[in-house]
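Residue-level structure breakdown
Each chain is listed here by its residues.
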Amino acid sequence: MAAAAPAPAPTLMEELVVEVLLRFPPDDPASLVRAALVSKRWCRLVSGRGFRRRFRERHRAATVLGVLCRMDDHAGLNNGEVSSFVSTGSFRPRRADRRDWVALDARHGRVLLLLCPLQSIPGFVVWDPVTREEWEVPPSTRCPHAWNAALLCAAGGECDHLDCRSGPFLVVVVASIGGRKTYVDLYSSEANAWTEQASVQHTGKNANAVDWLLSAGVLLGNSVYFMLRSHKEILEYNLCTLEISKIQLLPVSDRPNALAITANGRLGFYMIHNTTVYLWLREANPEGDARWARTTVIGLETLLPAGALMDGVRVVGFVDGVSLIFVQTSNELFAIDLKSQQARKMCERHSWYTVIPYESFYTPALRAASTGEEYGVGASRS
């Protein structure tokens, strides 16, 4: 008598599968891709819009998928610049090297790029490395000497920023003309137009200094901040009142490297003196005004390789509200976790200008048959 066929293995309830998958670490997107390849059923579960939304709600804060390093492009025909995407894990975007484009800011899954070599009027593009979408920003009407810009969600505080990567956005441009005057222009993707907002004059011995504004802007509450290192000032632009104000930096001999936002929502800036990283924080006096207070963050001698500090070192980027900074030596880039006091080398390259961290969720999605490809695992488009 023939033996009975073995009973099929029990199938896990979809609710249990989803609960397990929701607990996958967001900093290892390849694990979700592998899960989606287990079966068509799992692929359907992981690729659903509802799962992606629940995954974001559970983990809340997006993870750092990589950094965009702005550097010289000596190999390019125009000897210009390139923004190179250096991955921190398993995420690898297409067009990782954006030749002749400069990364100025990244927020809520999108990157703001500036065309370089610079034309008479700057041209911008907003790029999503995960979905590969791009939005062209029409050129502004001014021809500044130096500028920087920030990319913001148009919904502001009304959005939880878990799923706004395809929604309307704002571009805030702060620029100078000849050094004596700094102005702010605002672009709205909903209106598809630029508007002139406000301006401020500079006085003193550094009034004519042109600020190249290499440090990325930061967003805190309803204000976006930019560092004017030549003037030793921080420029604050309030998105509600549409007004500009200035915050004086300390008259220190070392130049501040980068602005910072702490986990408890305080404005500060990083500075390196000798081989120690310091964080200066803005705090209120008992009298009601504000002052800068210095805290020792970390010494670099025991974290970086021998000889790495010989030719100088500077902070070239940080992650908002997270104790993670990026430090450049003469030819290496390191990510330093200030809590665990661990350093990890990111890459080797000369002539970095600045580093823009890219934070996003990356979950699988089904490719549409209209693209000419069979259904499979691709990037999430939500």
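Definitions and cut-offs
- Residues numbered from 1 in each chain as written.
- Predicted model: local features only at pLDDT ≥ 70, side-chain atom pairs only at ≥ 80, totals over all residues.
- Heavy atoms only, no water.
- Helix = DSSP H or I, 4+ residues; strand = E, 2+ residues; numbered from the N terminus.
- Buried < 20%, exposed > 50% of the residue type's maximum accessible area, 1.4 Å probe, protein only.
- Axes fitted to C-alpha atoms, helices over the stretch in contact; angles between N-to-C directions.
- Parallel < 35°, antiparallel > 145°, perpendicular 65-115°, else oblique.
- Contact = heavy atoms within 4.5 Å.
- Nonpolar A, V, L, I, M, F, W, Y, C, P; charged D, E, K, R; others polar.
- Pairing = 2+ DSSP bridges.
- Arc of directions from axis to C-beta.

An unreviewed UniProt entry lists the protein under the name F-box domain-containing protein, from Urochloa decumbens.

1. Structural notes on the environment of Val-86
Relative to the elements of secondary structure, Val-86 occurs in strand E2 (residues 81-87). Overall, Val-86 belongs to the buried group, its relative accessible area being 13%. As for Val-86 and Leu-65, which are separated by 21 residues in sequence, their C-alpha atoms are 8.8 Å apart.

2. Looking at the packing of helix H2 (residues 29-36) against helix H3 (residues 40-47)
In contact at an axis separation of 7 Å, H2 and H3 are set at 135° when each is read in the N-to-C sense. Our classification of the angle between H2 and H3 gives oblique. Residue-level inspection shows Leu-32, Ala-35 and Ala-36 of H2 in contact with H3, the latter providing Trp-42, Cys-43 and Val-46. Residue classes in the contact of H2 with H3 are distributed as six nonpolar, no polar and no charged.

3. Observations regarding the sheet that holds strand E15 (residues 244-248)
A sheet is described by the order of its strands in space; here four strands give the open sequence E12-E13-E14-E15, paired in antiparallel fashion. The outermost strands of the open sheet, each flanked by one partner alone, are strand E12 (218-220) and E15. Strand-to-strand twist across the sheet, computed as the mean angle between neighbouring axes with direction ignored, equals 30°. Bridge analysis of strand E14 (residues 233-238) against E15 gives five bridges, and the strand direction is antiparallel. Along E15, the bridge assignment pairs Glu-233 with Gln-248.

4. Looking at helix H4 (residues 49-59)
Buried within H4 we find Phe-51, Arg-52, Phe-55 and Arg-56. One side of H4 carries all its buried residues, which in axial view fall inside an arc of 135°. Just downstream of H4, Arg-60 is the residue with a positive phi angle, here 60°.

5. Describing the sheet that holds strand E19 (residues 290-299)
Overall, antiparallel pairing links the four strands, which are arranged E16-E17-E18-E19 in an open sheet. Only two strands of the sheet have a single partner each, and these edge strands are strand E16 (258-261) and E19. The sheet shows a mean angle of 35° between the axes of neighbouring strands, taken without regard to direction. Of the pairings in the sheet, the one linking E16 to strand E17 (residues 267-273) comprises four bridges and is antiparallel in character. Among the inter-strand pairings, Leu-259 is bridged to a residue of E17, identified as Phe-269.

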